[in-house]
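# An overview of the molecular structure
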Number of protein chains: 2
Amino acid sequence: MSKQTQTLTVLGQDDQDDAACCPVITAAPLDAEQAAGLAQVFKALGDPVRLRLLSMIASREGGEVCVCELTPAFEVSQPTISHHLKLLRQAGLIDCERRGTWVYYWALPATLDRLAAVLRAPQAATVSA
Amino acid sequence: MSKQTQTLTVLGQDDQDDAACCPVITAAPLDAEQAAGLAQVFKALGDPVRLRLLSMIASREGGEVCVCELTPAFEVSQPTISHHLKLLRQAGLIDCERRGTWVYYWALPATLDRLAAVLRAPQAATVSA
DNA sequence: GTCGTGGATCGAAAAACGTCAACATAGAAG
DNA sequence: CTTCTATGTTGACGTTTTTCGATCCACGAC
């Protein structure tokens, strides 16, 4: 199931060095390559249906949501939901696994955190709990 | 200059109550209205040129950048830059003012912070400096 | 006033996007 | 095997977006 189209890794999830790992918009101008990668992730968030899908998945207590729960929550067709889920997955925001008849999706919080870090102004310090 | 098309206020910049002010993606599913407003702001970030423009403006020490500095930094035409700046302004991410011959843009960090808060997973606590 | 420059606006063309109906695929149950 | 259900994929269509050249407006200089 995880072999469709390859997932983005533009945010440097694996090899974070020091500062090259996560650009911050308020710190320095993005170069074209960083901007292109980040833009694709933000673009994935730039649709109301995808935002609601992501929030339904990311806010789920158990961490996983079956597609059969997502589809009836919208007024668009099932192929459209499937298409949006694919885009969210290609953006590295969610992942999925087939278990029997059903497919379950979960959020990838590392991507969300890194996106938040890109936007965060430097006036607030973060302390890990 | 600030009378073109009206600026978005979907993030509740003015009247933040308690939790209704700033939805958090990992806390609860977004309703359709919240998602529509947030999607428009994220869509504004979903373009490489706009991301670079925003980072050039937001990272400027003095806080202001003249359009005459932004335009030659890209390989697209001046009307295109003007168009992207307009979209960023309609998203509430930047604002501008004409001063004599030139127009200066600056970032609106409150919008950036609120977007970051929407994405932030609950596992990290923030402490204001 | 006229002229020149910085920047926004106006169409228009090409590309990308969102959506659907139709079809394909994977697994469960007979 | 066949059949049924849950999802993903394909191809097409209408809409939106991105980009440009041409034009217009605001301002300073003269």
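Residues numbered from 1 in each chain as written. Chains lettered and ligands numbered in written order. Predicted model: local features only at pLDDT ≥ 70, side-chain atom pairs only at ≥ 80, totals over all residues. Heavy atoms only, no water.

### Here we look at the relation of the copies chain A and chain B
For the pair chain A and chain B, the best superposition has an RMSD of 0.0 Å and corresponds to a rotation of 180° with a translation of 0.0 Å parallel to the axis. When the rotation and shift are considered jointly, the pair of chain copies conforms to a two-fold rotation axis. Relative to the rotation axis, the closest C-alpha in chain A is found at Ala116 of chain A, a distance of 2.1 Å. Interface overlap between copies is the fraction of interface residues in one copy that are interface residues in the other; for chain A against chain B it reaches 100%, indicating a shared surface. (Least-squares fit on C-alpha atoms with pLDDT ≥ 70 in both. Contact = heavy atoms within 4.5 Å.)

### Section: the protein's contact with DNA strand C
Taken together, 28 residues lie around DNA strand C, and Ser77 and His84 of chain A together with Gln78, Ser82 and Tyr105 of chain B are the ones closest in. Restricting the count to atoms of DNA strand C within 4 Å of the protein gives a sugar and phosphate share of 75%. One of the side-chain nitrogen or oxygen atoms of Ser82 of chain B is found 2.8 Å away from a phosphate oxygen of DNA strand C. For the surface near DNA strand C, the leading source of residues is helix H4 (residues 78-90) of chain A, giving five residues. In terms of residue class, the surface near DNA strand C is built from 11 nonpolar, 10 polar and seven charged. (Near = heavy atom within 4 Å. Polar contact = N/O pair within 3.5 Å; in protein donor to acceptor, adjacent residues only side chain to side chain. Helix = DSSP H or I, 4+ residues; strand = E, 2+ residues; numbered from the N terminus. Nonpolar A, V, L, I, M, F, W, Y, C, P; charged D, E, K, R; others polar.)

### Quick look at the interface of chain A and chain B
Every contact between the two is made by 39 residues of chain A and, on the other side, 39 residues of chain B. Across the chain A/chain B interface, buried area totals approximately 3,300 Å², and carbon plus sulfur atoms make up 67% of it. Linking chain A with chain B are zero salt bridges. Viewed at the interface, chain B and chain A are joined by two residue pairs in polar contact (both at pLDDT 80 or more). When contributions to the side of chain A that touches chain B are tallied by element, the ones reaching two or more residues are helix H1 (32-45), helix H2 (48-58), helix H5 (109-119) and strand E4 (124-128) of chain A. Among the residues making up the side of chain A that touches chain B, the classes are represented as 27 nonpolar, six polar and six charged. (Buried area = accessible area lost by both parts, 1.4 Å probe. Salt bridge = Lys/Arg side-chain N within 4 Å of Asp/Glu carboxyl O.)

### With respect to the environment of Leu54 of chain A
Considering the arrangement of structural elements, one finds Leu54 of chain A in helix H2. Note on Leu54 of chain A: relative accessible area 0%, which makes it buried. In this structure, the C-alpha to C-alpha distance between Leu54 of chain A and Ala107 of chain A, residues 53 residues apart in sequence, is 7.3 Å. Excluding residues within four positions of it along the chain, Leu54 of chain A makes contact with Leu45, Leu88, Leu93, Ile94 and Leu112 of chain A together with Ile25 of chain B. (Buried < 20%, exposed > 50% of the residue type's maximum accessible area, 1.4 Å probe, protein only.)

### Considering the confidence of the model for chain A
The predicted structure's coordinates, where accompanied by low pLDDT, should not be read in detail. Considering every residue of chain A, the mean pLDDT works out to 85; 78% of them sit at 70 or more. Between residues 12-19 of chain A, whose pLDDT stays under 50, and residues either more than four places distant or in other chains, the model counts eight contacts. (pLDDT = per-residue confidence, 0-100.)

### Let's talk about the sheet that holds strand E1 (residues 65-66) of chain A
Strand pairing within a sheet occurs via backbone hydrogen bonds; the two strands may be parallel or antiparallel. Residues and elements named next belong to chain A. Spatially, E1-E3-E2 is the arrangement adopted by the three strands of the open sheet, whose pairing is antiparallel. Each end of this open sheet is capped by a strand with a single partner; those strands are E1 and strand E2 (94-99). Relative to the sheet, H2 contacts E1, E2 and strand E3 (102-107), its axis offset from that of E3 by approximately 90°. (Pairing = 2+ DSSP bridges. Axes fitted to C-alpha atoms, helices over the stretch in contact; angles between N-to-C directions.)

### Section: the protein's contact with DNA strand D
Within the structure, DNA strand D sits among 26 residues, and Trp102 and Tyr105 of chain A together with Ser77, Thr80 and His84 of chain B are positioned closest to it. The contact atoms of DNA strand D, taken as those within 4 Å of the protein, divide so that sugar and phosphate hold 74%. At 3.0 Å, a side-chain N or O of Arg50 of chain B approaches a phosphate oxygen of DNA strand D. Between DNA strand D and Ser77 of chain B there is a distance of 2.7 Å, counted from a phosphate oxygen to a backbone nitrogen or oxygen. Elements represented by at least two residues in the surface near DNA strand D include exactly helix H3 (67-70), H4 and E3 of chain A together with helix H4 (78-90) of chain B. Broken down by element, the surface near DNA strand D gets its largest block of residues, five residues, from H4 of chain B. Along the lines of polarity and charge, the residues of the surface near DNA strand D split into 11 nonpolar, 10 polar and five charged.

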